[in-house]
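Residue-level structural notes
Each chain, written out:
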Amino acid sequence: MQYRNHVIRRVAQALLVIALVYTLVFFTLFVLPGDPIENKLTSPINPLPQSAAEALLAYYNFDLAPLQQFGLTVSRLLQGDLGYSLVSGRSVGELVAQGFSDTIVLAAVAFVFTIALSLAIALTAVYAPGVAVRSFAGSMPIASISAPSFLIGFVLLAIFSFQLGWVSSVRDQGFVSYILPALTLALAVNGPLTQVLIQGLRKAADAPFVTVLRAKGTSERRIALGHVLKNGAIPSITMLALIVGELLAGAVIVEAVFTRTGLGFMTFESVRDQDTPMILAIVILISSVYVGINLVTDLIYPILDPRIVRPARASGRRPRAANQRIERASTAPATAAATPGESPTKASVDA
Amino acid sequence: MSIRLQQDRDIISSSAEPGAIGRLVARLGVADVLAIVVVGLVLLSVVAPGVLAPFDPLEPDDANALAAPSAAHWFGTDSLGRDLLSRVIHGTGRTLLGSVVAVFIGLGVGTILGLVAATFGGIVDAVISRIVDVLLSIPGLLLAMVVVVALGFGTLNSAIAVGISSIAAFTRIMRSEVLTVKDLPFVEASHHLGGSRAYVLARHIFPNSYSAVLSLTALQFGLAMIWISSLSFLGYGAPPPDPEWGLLVSEGRQYVVSSPWLVVVPGLVIAATVLSISRLSQLTRERTAA
Amino acid sequence: MTHPSQQQNALRAVTDQPLPLVVERLDVGYRSGGSKRPTGTVRDVSFQVGRGETVSLVGQSGSGKSTIARAVAGLLPANGVVTGGRVSVAGHEVAGFSRKLWRPLRGTTLGFVPQDPLSSLDPLQRVGVQIAQAVQVAGETPRSEVPARVVELLEHVGIRQAATRVRAYPHELSGGQLQRVLIAIAIAAGPKLLIADEPTSALDVTVQRRILDLLDGLREELGLGILFITHDLALAQERSDAIVVLQDGDVRESGAAEDVLLTPKHPYTIRLLSDSPASSPLRYRERIRSAAEHLRTEQRGETTSTAAVVEVAQVSKRYGRDTQSPLALDGASLALRPRSIHALVGESGSGKSTLARIVAGLTSFDEGAVTVAGRGLPRENPVANPFARDLQLVYQNPLSAVDPRFTVRQIIEEPLRIHGVRSAAERRRRVATILDQVALPTSALGRRAREVSGGQRQRVALARTLILAPSVLVLDEPTSALDVSVQAQIVELLLDLRDEHALSYLFISHDLGLIRQIADEVTVLSSGRVVESGPASAALDHPQHEYTRELLDAVPRFDVARLDPSRFEAVG
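Residues numbered from 1 in each chain as written. Chains lettered and ligands numbered in written order. Predicted model: local features only at pLDDT ≥ 70, side-chain atom pairs only at ≥ 80, totals over all residues.

**Concerning the overall build of chain B**
Looking only at helices and strands, chain B has twelve helices and zero strands in total. For chain B, buried positions account for 52% of its 290 residues. Look at the contacts in chain B between residues 6 or more apart in sequence, and 67% of them connect residues 24 or more apart. (Helix = DSSP H or I, 4+ residues; strand = E, 2+ residues; numbered from the N terminus. Buried ≥ 20, exposed ≤ 12 C-beta atoms within 10 Å, placed from the backbone. Contact = placed C-beta atoms within 7 Å.)

**Structural notes on the overall build of chain C**
Check the secondary structure of chain C and you find 21 helices and 20 strands. In terms of overall dimensions, chain C is globule-like: its C-alpha atoms have a radius of gyration of 26 Å, near the 25 Å expected for 572 residues. When its C-alpha atoms are laid out on the principal axes, chain C stretches across 80 × 55 × 50 Å. By residue count, 51% of the 572 residues in chain C fall in the buried class. Residue pairs at least 24 apart in sequence account for 70% of intrachain contacts in chain C once pairs closer than 6 positions are excluded. (Rg over C-alpha atoms; globule rule 2.2 N^0.38 Å.)

**Remarks on the interface of chain B and chain A**
Accessible area lost on assembly of the parts is the figure often given for the size of an interface. Listed per partner, the contact involves 54 residues of chain B and 51 residues of chain A. Among the elements of the structure, α6 (122-136), α7 (140-151), α8 (155-182), α10 (197-233) and α12 (261-289) of chain B are those that each provide at least two residues to the side of chain B that touches chain A. The element that contributes the greatest number of residues to the side of chain B that touches chain A is α12(B), accounting for 13 residues. Of the residues contributing to the side of chain B that touches chain A, the split by class is 35 nonpolar, 13 polar and six charged. (Nonpolar A, V, L, I, M, F, W, Y, C, P; charged D, E, K, R; others polar.)

**Notes on the domain arrangement of chain C**
Residues and elements named next belong to chain C. The domain boundaries assigned to chain C delineate domain 1 (14-109 + 192-274) and domain 2 (119-190). The gap between the C-alpha centroids of domain 1 and domain 2 is 25 Å. Across the boundary between the two partners, domain 1 contributes 14 residues, which contact 15 residues of domain 2. Considering every element that reaches the side of domain 1 that touches domain 2, the biggest residue donor is helix α8 (residues 205-222), with seven residues. Of the residues in the side of domain 1 that touches domain 2, the class split is ten nonpolar, two polar and two charged. (Domains from an automatic or database assignment.)

**Observations concerning the interface of chain B and chain C**
Counting residues at the interface gives 26 residues for chain B, matched by 28 residues for chain C. Every element with two or more residues in the side of chain B that touches chain C is listed here: α1 (2-16), α9 (185-192) and α10 of chain B. Counting residues per element, the side of chain B that touches chain C draws most heavily on α1(B), at eight residues. Of the residues assigned to the side of chain B that touches chain C, the class counts are 13 nonpolar, eleven polar and two charged.

**A short note on helix α5 (residues 146-156) of chain C**
All names here are of chain C. By the burial criterion, the buried members of α5 are V150, L153, L154 and H156. Along the axis of α5, the buried positions cluster into a sector of 155 degrees, meaning they face one direction only. Buried residues along α5 sit against α4 (127-137), α6 (162-165) and α7 (175-187). Just beyond α5, the residue with positive phi is G158, at close to 85 degrees. (Arc of directions from axis to C-beta.)

**So, the environment of C:V49**
Residues and elements named next belong to chain C. With respect to the element layout, V49 can be found in strand β2 (residues 39-49). By C-beta crowding, V49 is classed as buried, having 30 other C-beta atoms within 10 Å. Between the C-alpha atoms of V49 and D390, which are 341 residues apart in sequence, the distance is 55 Å. In contact with V49, other than residues within four places in its own chain, are L19, P20, L21, V55, L193, G225 and L227.

**Some remarks on the nonpolar core**
Core analysis: the largest hydrophobic core is formed by 333 residues, its most contacted members being B:V146, C:I131, C:I195, C:L227, C:V474 and C:L506. Inspection of this core shows a minimum of three residues originating in each of domain 1 (14-109 + 192-274) and domain 2 (119-190) of chain C. For C:I131, the contacting residues outside a window of four places in its chain are C:V150, C:L153, C:V181, C:A184, C:I185 and C:A188. (Core = buried A, V, L, I, M, F, W, Y, C linked by C-beta atoms within 7 Å.)

**A short note on the pairing of strand β8 (residues 225-230) of chain C**
All names here are of chain C. Of all six residues that make up β8, six are buried, and the element is covered over most of its length. Burial along β8 is two-sided: the residues G225, L227 and I229 and I226, F228 and T230 are all buried. Two elements, strand β7 (residues 193-197) and β8, share five bridges in a ladder whose sense is parallel. Residue pairing across strands places L194 opposite I226, the latter belonging to β8. At this point the chain moves from β7, through α8, to the parallel β8, and the crossover so formed is right-handed. (Pairing = 2+ DSSP bridges. Right-handed = clockwise from strand over helix to strand, strands pointing away.)

**Quick word on the sheet that holds strand β10 (residues 250-256) of chain C**
Residue and element names in this part refer to chain C. Pairing in this open sheet of six strands is mixed, and the strands run β6-β7-β8-β3-β9-β10 from one edge to the other. The sheet is open, and its two borders are formed by β6 (110-113) and β10, each paired with just one other strand. On average, each strand axis in the sheet is inclined to that of its neighbour by 15 degrees, with strand direction left out of account. Pairing between strand β3 (residues 54-58) and strand β9 (residues 242-247): four bridges, direction parallel. In the strand pairing of β9, V55 is matched with A242. (Axes fitted to C-alpha atoms, helices over the stretch in contact; angles between N-to-C directions.)

**Description of the packing of helix α12 (residues 240-257) of chain A against helix α13 (residues 263-273) of chain A**
Relative orientation and spacing of two packed helices are given, respectively, by the angle between their axes and the distance between those axes. Residues and elements named next belong to chain A. Across the interface, α12 lies against α13 with an axial gap of 7 Å and an inter-helix angle of 95 degrees. Classified by the angle between their axes, α12 and α13 sit roughly perpendicular to one another. Contacts between α12 and α13 pair A251, V252, V254, E255 and A256 from the former with L263, G264, F265, T267 and F268 from the latter. Residue composition of the contact of α12 with α13, by class: seven nonpolar, two polar and one charged. (Parallel < 35°, antiparallel > 145°, perpendicular 65-115°, else oblique.)

**Things to note about the pairing of strand β17 (residues 472-476) of chain C**
Residue and element names in this part refer to chain C. β17 sits mainly inside the fold: five of its five residues count as buried. Of the two faces of β17, the one carrying V472, V474 and D476 and the one carrying L473 and L475 are both buried. As judged from the four bridges shared by strand β16 (residues 391-394) and β17, these two strands associate in the parallel manner. Paired with V394 across the bridge in β17 is L475. Relative to strand β18 (residues 504-509), β17 is paired through five bridges, and the arrangement is parallel. Among the inter-strand pairings, L473 is bridged to a residue of β18, identified as Y505.

**Re unusual backbone geometry**
Residues and elements named next belong to chain C. In the Ramachandran plot, Q161 falls in the positive-phi region, its phi being about 50 degrees despite a non-glycine side chain. With respect to the helices and strands, the residue Q161 is situated in the loop between α5 and α6. Look at E477: it is not a glycine, yet its phi comes out positive at around 45 degrees. Its location among the elements puts E477 in the loop between β17 and α17 (484-501).

**Describing the packing of helix α5 (residues 92-127) of chain A against α12(A)**
All names here are of chain A. Contact geometry for α5 and α12: axes closest at 10 Å, N-to-C directions at 130 degrees. As far as their axial angle goes, α12 and α5 are oblique. Between α5 and α12 the crossing geometry is right-handed. Residues T103, L106, A107, A110, F111 and T114 of α5 form the contact with α12, whose participating residues are I243, V244, L247, L248 and A251. Among the residues making up the contact of α5 with α12, the classes are represented as nine nonpolar, two polar and no charged. (Left-handed = near helix turned anticlockwise from the far one by under 90°.)

**What to know about helix α8 (residues 149-163) of chain A**
Residues and elements named next belong to chain A. For α8, with 15 residues, the first-to-last C-alpha span of 20 Å sits near the 21 Å given by 1.5 Å per residue. If you look at α8, its biggest bend is around 30 degrees, right at L157. When α8 is considered as a whole, its buried residues turn out to be S149, F150, L151, I152, G153, F154 and L157. Positive backbone phi, approximately 65 degrees, marks G165, located one or two places after α8. (Expected span 1.5 Å × (residues − 1). Bend = angle between axes of the 7 residues up to and from the residue.)

**Quick look at the confidence of the model for chain B**
The predicted coordinates of low-pLDDT regions are not to be read in fine detail. Residues and elements named next belong to chain B. Confidence along chain B averages 82 in pLDDT terms, with 89% of residues attaining 70 or more. Ranking the helices and strands of chain B by mean pLDDT puts α9 first, with 94, and α1 last, with 38. Low confidence marks residues 1-18, where pLDDT is under 50. Its contacts with residues over four positions away, or in another chain, come to 21 contacts. (pLDDT = per-residue confidence, 0-100.)

**Examining the environment of C:L246**
Residues and elements named next belong to chain C. Counting through the fold element by element, L246 comes out in strand β9. Spatially, the C-alpha atom of L246 lies 26 Å from that of L214, the residues being 32 residues apart in sequence. Discounting residues that sit within four places of it in the chain, L246 has contacts with L57, V58, G59, S63, G64, K65, V251 and R252.

Structure, rendered in structure tokens:
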């Protein structure tokens with residue numbers, strides 16, 4: 001029962017965060033710089049025909065006070081009306097849905113690549129024979145963080161499209177077209193995840209229980225993959241939402257480099273044209289994905305780690321220790337960065 | 001047990017001997033030396049770009065347009081025949097200054113918010129923490145774009161935008177560090193010796209939590225550089241023709257098939273700079289830890 | 001080696017089985033940094049363990065005892081290497097074996113019982129699964145019978161309701177239960193030799209006793225050889241047939257337990273025996289008695305009453321708001337007389353640390369009264385300690401109690417700065433004085449706490465608290481992390497300081513041997529209640545309460561009557 005309350009509370013918290021994001025972005029975009037929409041629509045260089053512009057002006061009710069405008073937008077949002085693009089006059093909902101359907105595939109492929117890459121690098125950094133190989137792999141995260149994604153994209157493009165001609169840089173080749181951009185995203189975004197994974201694995205590999213496993217005759221392979229990996233990967237679970245958020249945001253650069261027309265490209269265009277209803281919708285979409293995944297990882301955490309006592313089953317034994325675990329787990333990325341010579345934080349992912 | 005003891009001994013001997021700095025220099029690896037050289041060159045480019053740059057960064061040379069890297073033009077030339085090396089050198093100041101502004105904003109505001117949240121707790125902490133949650137739930141680059149839309153395009157505005165979007169990270173690490181340090185036994189011990197709240201905060205809690213924040217700063221500095229160049233790569237930052245690193249990449253895009261160095265070289269310069277800065281920060285951290 | 005007893009030879013002749021363990025001229029080293037050549041940590045060590053026999057490796061930290069255990073078990077860390085000699089485990093020559101070569105021998109020839117039960121099991125797996133892995137290593141048990149065998153093993157090591165316990169996760173079991181599970185894992189595949197690396201150092205003394213009884217029982221029943229690693233001489237004496245005394249990686253003395261401990265030959269063994277509280281309970285008797293008499297005569301002469309410097313009356317404390325949760329302290333009372341040493345004894349969870357923290361003004365309390373030097377302590381304490389000049393707490397772990405950024409000088413000076421001693425010259429003078437009193441070299445001043453040895457750290461901590469000239473010290477297990485020799489030095493220092501500064505000590509400890517040596521009065525806590533209180537000799541020699549008796553029984557003790565105390569005095 002208590003676990004259900006816990007779930008309800010967490011869901012409510014997540015909804016609150018999304019609502020606050022919406023409010024914050026709305027007032028930043030609509031209110032702070034005067035009336036951008038009005039300026040935009042009445043500007044002579046606006047591509048919209050006069051009649052459409054006037055219809056939009058009427059739709060957005062600029063004569064109302066900011067709070068009333070906000071109320072109006074929210075009530076429309078609740079009815080599923082996201083407004084209209086100031087540039088094309090088309091429905092924001094349709095445009096975003098169209099862009100998202102392409103970019104979510106890109107992000108999903110990139111997500112798989114990121115996990116695979118992080119695991120490969122982290123396992124190499126901890127288990128590869130030879131100190132040189134291990135320390136090389138160990139320095140990969142910082143290299144990943146340092147390389148701007150457009151550099152990675154152009155280098156991949158130059159090698160695989162222009163030099164080797166394996167992938168076309170213009171023609172749509174279905175799934176193949178996703179590979180280079182997804183790889184670019186994975187290379188650019190994996191750094192922080194890999195870093196946390198390496199630390200987790202190193203810590204788990206040094207844990208006393210590994211000695212006991214070895215002493216009872218468990219094979220080195222099974223120790224590494226069955227025990228160390230499981231224990232060492234738990235802290236990095238809190239980073240998954242972050243990774244997905246970064247992948248979606250990183251699409252802005254990557255789609256520009258690979259001239260794709262997904263959500264990222266739409267973001268690029270909307271920011272360029274100051275198409276505020278579009279920007280608002282995109283930001284809300286991406287941060288909802290982030291908050292949603294964060295919520296899910298939070299809720300499945302107790303299933304993955306039995307030490308985290310669900311509120312419902314909290315027994316008399318060591319409740320304090322269990323709470324500390326939760327605390328530590330949820331702040332893992334932040335505290336990881338705190339320890340010298342170690343992981344970058346959430347912020348660093350944003351590269 | 002014996003292993004731990006040995007390590008203890010190592011620590012004792014390494015720090016007890018004099019000339020620690022001299023020995024540190026001797027211990028520097030190739031990567032460290034390279035990092036120092038890169039950061040040195042970058043700083044020189046900021047202070048005196050004219051000394052390093054072989055050409056005028058804005059002077060077109062039609063005869064030499066899109067020349068590949070050569071002895072005369074190390075980084076090649078762009079579509080107007082301008083020397084890319086000179087443009088990179090002259091662009092350093094803008095990019096670096098932007099990063100300094102961004103980090104200054106993020107560090108300043110974030111540290112104060114984090115310290116306030118952790119010290120006062122209660123409702124203050126709850127409010128600040130919710131704000132941080134909200135800010136962190138928007139990926140940094142996207143948040144920076146939103147702020148840029150509000151502020152308008154340009155070098156300074158994009159730097160401010162990047163700064164604002166890094167506030168949450170600084171706030172969170174400062175808050176969690178202060179909360180961690182606050183619970184450490186030595187803080188309690190200092191109160192036990194009679195230390196007042198203000199004394200312990202200033203003498204123990206702040207210095208001990210700040211070191212973690214400072215190590216984030218180096219990282220965040222490199223990150224700010226990448227974000228700022230990303231924004232100008234997308235065309236929201238510095239306007240042409242003045243050189244800026246991200247802008248250089250953006251300008252070279254059209255010619256990426258025939259002259260890939262126009263995008264790759266400035267991109268590599270950014271990567272090398274960020275990498276060197278983080279390497280150096282690691283080095284200084286190792287020294288303070290020793 | 002010299003030891004193997006005659007029974008042992010006889011046993012070997014009859015069964016013709018190889019000895020569980022033979023170690024001959026073993027050298028072990030560690031590679032550090034980039035160097036190819038390992039630096040020797042253990043040199044020329046030889047001993048053997050017979051069937052049904054326990055051999056103890058005894059030494060302080062850095063003696064190499066754990067290194068030997070790990071080398072024998074093939075569990076050295078990656079940079080550790082056996083550089084010479086031979087190791088034979090149940091007839092297999094294993095010196096220099098790789099991890100791969102070791103695998104077939106795991107479990108079936110050798111079981112390993114680790115030091116820290118709390119972190120020695122995979123936290124994500126049920127204990128039953130972890131035992132099952134060990135059962136299957138031998139490959140003799142059919143798959144279908146494994147679960148039954150796991151339950152049987154758990155019952156064997158004394159875990160009640162074994163059938164349900166197999167489904168528990170490690171964090172759901174207590175330290176003692178975890179150690180039983182680890183023993184079950186170690187014996188699952190029927191080894192000939194058990195290596196127990198300080199298996200009870202993380203456990204309470206009553207739990208320790210039960211675990212060691214279990215090991216002894218298994219040894220007899222299964223004919224195991226046990227290699228037992230410990231720093232506790234009394235434990236080694238009580239539990240083993242033969243003892244190997246190690247110092248800095250060399251064997252100082254070895255032989256039958258009786259011989260080594262009752263007629264020690266090497267000066268190092270003699271010193272260990274003298275420094276170890278259990279083997280020299282009377283070491284400080286004269287000092288304690290004369291101090292007490294001195295005090296008594298002084299008090300008789302003066303009008304000042306014998307009023308306690310610290311008085312705790314009916315103090316209760318509950319953590320958290322939940323009224324269902326048990327009281328951490330339940331009406332505890334004690335009185336610390338001036339210039340006396342009052343020991344506070346109890347196992348973990350007994351409330352002794354809570355009481356110490358309440359007296360030190362670090363923890364609030366719900367009911368009762370605490371008086372320090374005549375002033376009542378408020379139930380909720382202000383952040384800055386107003387009693388700093390009257391009473392100071394000495395923390396258990398001196399390293400965590402000082403700012404890692406501070407040098408020793410800054411650490412010792414800090415109280416002066418807090419209390420407004422502005423003049424740098426004055427501070428320097430007082431630091432120099434106190435440094436002299438705690439016998440710290442001036443060279444330590446520039447270092448940080450982590451750069452000095454454990455004993456020196458505790459001296460730094462004492463210097464810092466004494467610079468305020470308090471009259472009472474609350475000492476929270478001040479020597480529990482130290483080797484006996486260093487502990488003895490710190491105890492001497494504490495006694496000296498008490499005499500010089502007329503200090504009174506509230507001394508928290510779980511080490512009954514140490515308490516017997518130095519305490520004037522004893523208060524025994526159990527589950528937050530005072531169960532025994534009074535003069536040390538009465539409480540320890542004629543305990544009234546059941547719990548105190550159990551506690552005292554569990555403590556490994558030397559048969560002191562057979563030790564000749566005069567021999568140790570020369571060294572002490």
